[in-house]
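Each chain, letter by letter, is given below.
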Amino acid sequence: MPYLGQVAVTTIMAVEYDGGVVIGADSRTTTGAYIANRVTDKLTPIHDRIFCCRSGSAADTQAIADVVTYQLGFHSIELDEAPLVQTAANLFKASCYRYREELMAGIIVAGWDKRRGGQVYTVPVGGMLVRQPVSVGGSGSTYIYGYMDSNYKPNMTKDQCLRLVSGALSLAMERDGSSGGVVRLAAISETGVDRQVILGNQLPKWSTA
Amino acid sequence: MALSNVVETPASGFNFENVSRNVALEGLLEGGHTKAPKPMKTGTTIAGIVCKDGVVLGADTRATSGEVVADKMCAKIHYISPNMYCCGAGTAADTEKTTDLLSSNLTIFSMNSGRNPRVVMAVNILQDMLFRYRGQIGASLILGGVDCTGNHLYTVGPYGSIDNVPYLAMGSGDLAALGILEDRFKPNMELEEAKQLVRDAIHSGIMSDLGSGNNIDICVITKQGVDYIRPYQESEYKDKRQRRYKYRPGTTSILTEKIVPLELEVVQETVQRMDTA
């Protein structure tokens, strides 16, 4: 369905490692051919150790993220303990599936919890929910499936994951007109959330320049 | 009469009562060879920046209805609260009413809680409302304010998306204004430099966009207070037409005067006692 309003056509990515997850996104929001915000933060905190990467309509994903933040916060207070990443993912799925005709939202939910460690769940447009060790989303994701499939190996370290994500995102931003700006990264583990920004001129360089 | 409605939560679903009214009116007007007036849009340039001491907002003053300038001195910087102002682009009625509604709700909140409203609260209220209406309310707003947590500048789009950035421009002239802002914005600018930058950005919008024009309004919000300078700069193309056409008593000379007294007789008299015990 042709979409008006601001769209975060995007590249988003999340990878699990032993002890946590690394998530990343580009920073471009467009209204048609105009870049409305070139420094968008698409990595939204849902809870202390749970984040979501947003792609699709900016308004829809911001609204869903707000709703889920409230629901998860309430649930966590009732339970009197930190919520599970799977719970957050299911809350996203519930909203995205119920209102699938009205919404355009592709979301990757990633975080750390005590029961299962680092987890990545993807909730694409339509409201499916599936857990994957590594997941990419957004319009720029099509350009990096090959890179992801050939370079991801199980049991990578946190630094290897950060390099994988920043490399993949810079490749996608190079080829996809709808992705660009800076690369925002976050590493979530038991100890906390470590956020970084890689500016345009500091991105990894590839040979076809 | 309207007071009881203020604290009501809106009924679920959309309220499109006015659409059926408009359709009925269109039907009547078409038959009489008159066209319904087009909604007044503020083809606009609005801009805002965060500087060291506060927030500077700027706007042009042209409101268009189709290809005609409907208002040459329209006020696009709306009052929200003593520490917050909001520039509006899009449909004039929508930006007017949305900002009025926000201002009223925040006043009630202040009275209820005894606290000054924060900019994030205003932004959340706007986002809730505009998202609920799925883009039918054509209001692109730049909200700027100073509160206990600092100086803030947000933009809210008609579909309900928000962005929090240090400098912004919206409206039909936004590309021209943003060019100036991208070139010369620096974090923590001094107030005078910031006012000049916003003025230049709006001026660029006025020069390069047909939907923007006339004068430039500037609103400076700091912790000490608000300085709403309207107009900050007047257009060089002012005309000499009068606004008011009031004539002095005695302009029309009196030729003849005839006084006819009216004879009234009292037909009936009723006295009703008031119980003022």
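In every chain, residue numbers begin from 1 and rise along the written sequence. Ligands are numbered from 1 and chains lettered from A, in the order in which they are written. Thresholds applied to this predicted model are a pLDDT of at least 70 for local features of residues and 80 or more for the giving and counting of side-chain atom pairs; totals over whole chains, interfaces and linings are not thresholded and use all residues. Just so you know, side-chain values use all the structure's heavy atoms and leave hydrogens and water out.

1. Observations regarding helix H3 (residues 92-113) of chain B
All names here are of chain B. As a reminder of what qualifies: Going along the chain from the N terminus, every DSSP run of H or I of four or more residues is numbered as a helix, and every run of E of two or more is numbered as a strand. Expected span of a helix, by definition, is 1.5 Å for each gap between consecutive residues, and there is one gap fewer than residues. The rule is simple: take the accessible area with a 1.4 Å probe, protein chains only, and divide by the maximum for that residue type; under 20% is buried, over 50% is exposed, in between is partly exposed. By definition, the arc is the one covered by directions from the helix axis to the C-beta atoms.
The end-to-end C-alpha distance of H3, which contains 22 residues, comes to 32 Å, matching closely the 32 Å that a straight helix rising 1.5 Å per residue would cover. Restricting attention to buried positions, one finds in H3 the residues Ala92, Thr95, Thr98, Thr99, Leu102, Ser103 and Leu106. Taken around the axis of H3, the buried residues stretch over an arc of 145°, which confines them to a single face. Exposed residues on H3 whose side chains face more than 90 degrees from its buried face are Lys97, Met111 and Asn112. In the stretch just after H3, Gly114 is the one whose phi turns positive, near 75°.

2. Quick look at the packing of H3(B) against helix H4 (residues 119-132) of chain B
All names here are of chain B. What counts is decided by this rule: What counts as an axis is a line fitted to C-alpha atoms, over the stretch in contact for a helix, and the angles between N-to-C directions run from 0 to 180 degrees. By definition in this entry, angles of less than 35 degrees are roughly parallel, angles greater than 145 are roughly antiparallel, angles of 65 to 115 are roughly perpendicular, and the rest are oblique. Two helices crossing with the near one rotated counterclockwise from the far one by less than a right angle form a left-handed crossing, whereas a clockwise rotation gives a right-handed crossing. Note on definitions: a residue-residue contact is assigned when non-hydrogen atoms from the two residues lie within 4.5 Å. Three categories are distinguished: nonpolar for Ala, Val, Leu, Ile, Met, Phe, Trp, Tyr, Cys and Pro, charged for Asp, Glu, Lys and Arg, and polar for the others, with Gly belonging to the last.
It is at 10 Å that the axes of H3 and H4 come closest, and there the two elements cross at 130°. In terms of their interaxial angle, H3 and H4 are classed as oblique. Between H3 and H4 lies a crossing whose hand is right-handed. Here H3 contributes Thr98, Leu101, Leu102, Leu106 and Phe109 to the contact with H4, which in turn contributes Met121, Ala122, Ile125, Leu126 and Met129. Its residues assigned to classes, the contact of H3 with H4 comprises 9 nonpolar, 1 polar and no charged.

3. Description of the UniProt feature "active site" (unreviewed entry) in chain A
All names here are of chain A. Note the threshold: UniProt positions are given in the numbering used here, feature names are shortened, and annotations may be inferred rather than shown by experiment. Pairs of N or O atoms are called polar contacts if they sit within 3.5 Å, as long as, within protein, a hydrogen donor faces a hydrogen acceptor (for residues adjacent in sequence, only side-chain-to-side-chain pairs).
Under the feature "active site" (unreviewed entry), the UniProt entry names Thr10. For Thr10, a relative accessible area of 0% translates into the label buried. A polar contact of 3.1 Å, which involves the side chain of Thr10, links it to the side chain of Lys42.

4. What about the pattern of salt bridges?
All names here are of chain B. To keep it simple, the criterion reads: We count a salt bridge whenever a side-chain nitrogen from Lys or Arg sits within 4 Å of a carboxyl oxygen from Asp or Glu.
One pass over the structure, following the stated rule, counts 13 salt bridges over all chains. Among the salt bridges present, the one from Asp200 reaches Arg199, with a minimum N-O distance of 2.4 Å. Residue Asp200 shares its accessibility class with Arg199, and that shared class is buried. Because the salt bridges share partners, they merge into one network encompassing Arg184, Arg199 and Asp200.

5. Some details on the UniProt feature "active site" (unreviewed entry) in chain B
All names here are of chain B. Residues annotated in UniProt with the feature "active site" (unreviewed entry) correspond here to Thr44. By secondary structure assignment, the location of Thr44 is in the loop between strand S1 (41-42) and strand S2 (46-50). Overall, Thr44 belongs to the buried group, its relative accessible area being 0%. If near-sequence neighbours (up to four positions away) are discounted, Thr44 is found in contact with Asp60, Lys76, Gly88, Ala89, Met170, Gly171, Ser172, Gly173, Asp209, Gly211 and Ser212. Within the structure, Thr44 has its side chain in polar contact with the side chain of Lys76 (distance 3.2 Å).

6. Topic: the interface of chain B and chain A
Using the following cut-off: Put simply, buried area is how much 1.4 Å-probe accessible surface two parts lose in total, over both of them, once they are put together.
Listed per partner, the contact involves 14 residues of chain B and 17 residues of chain A. Each partner contributes to the roughly 1300 Å² buried at the junction of chain B and chain A, and carbon and sulfur atoms together form 47% of this total. Three residues stand out in chain B for area buried against chain A, namely B:Phe131, B:Tyr159 and B:Asp163, and they jointly supply 38% of the buried area on that side. In this assembly, chain B and chain A are joined by 2 salt bridges. The salt bridge partner of B:Glu182 is A:Arg38, with a shortest N-O separation of 2.4 Å. Elements with a contribution of two residues or more to the side of chain B that touches chain A: H4, strand S10 (162-164) and helix H5 (174-184) of chain B. In terms of residue count, H5(B) provides more of the side of chain B that touches chain A than any other element does, 4 residues in total.

7. Remarks on a nonpolar patch on the surface
The condition is simple: Like charges within 9 Å and nonpolar side chains (Val, Leu, Ile, Met, Phe, Trp, Tyr) within 5 Å are joined into patches, using only residues over 30% in relative accessible area that form no salt bridge. Where accessible areas are quoted, they stem from the Shrake-Rupley method and a 1.4 Å probe; at the residue level, only the protein chains shown are allowed to cover.
On the surface, B:Phe14, B:Phe16, B:Val19 and B:Val23 cluster together into a nonpolar patch covering about 380 Å² of accessible area. Note that B:Phe14 resides in the loop between helix H1 (3-6) and helix H2 (17-31).

8. Here's the deal with the confidence of the model for chain B
So the rule is basically this: A residue's pLDDT is the confidence the predictor assigns to it, expressed on a 0 to 100 scale.
When pLDDT is averaged along chain B, the result is 87, and 90% of the positions lie at 70 or above. Model confidence for the complex: the whole-complex pTM is 0.79, and ipTM, which rates the interface, is 0.83.

9. Quick word on the sheet that holds S2(B)
Residue and element names in this part refer to chain B. The test is simple: For two strands to be treated as a pair, DSSP must find no fewer than two bridges joining them.
Spatially, 5 strands are ordered S11-S2-S3-S12-S13 in an open sheet, and the strand pairing comes out antiparallel. Only two strands of the sheet have a single partner each, and these edge strands are strand S11 (167-170) and strand S13 (225-233). Strand-to-strand, the axes of this sheet are offset by a mean angle of 10°, without reference to chain direction. In this structure, S2 lies alongside strand S3 (residues 54-60), joined through 5 bridges in antiparallel fashion. Bridge assignment links Ile49 to a residue of S3, and that residue is Val56.

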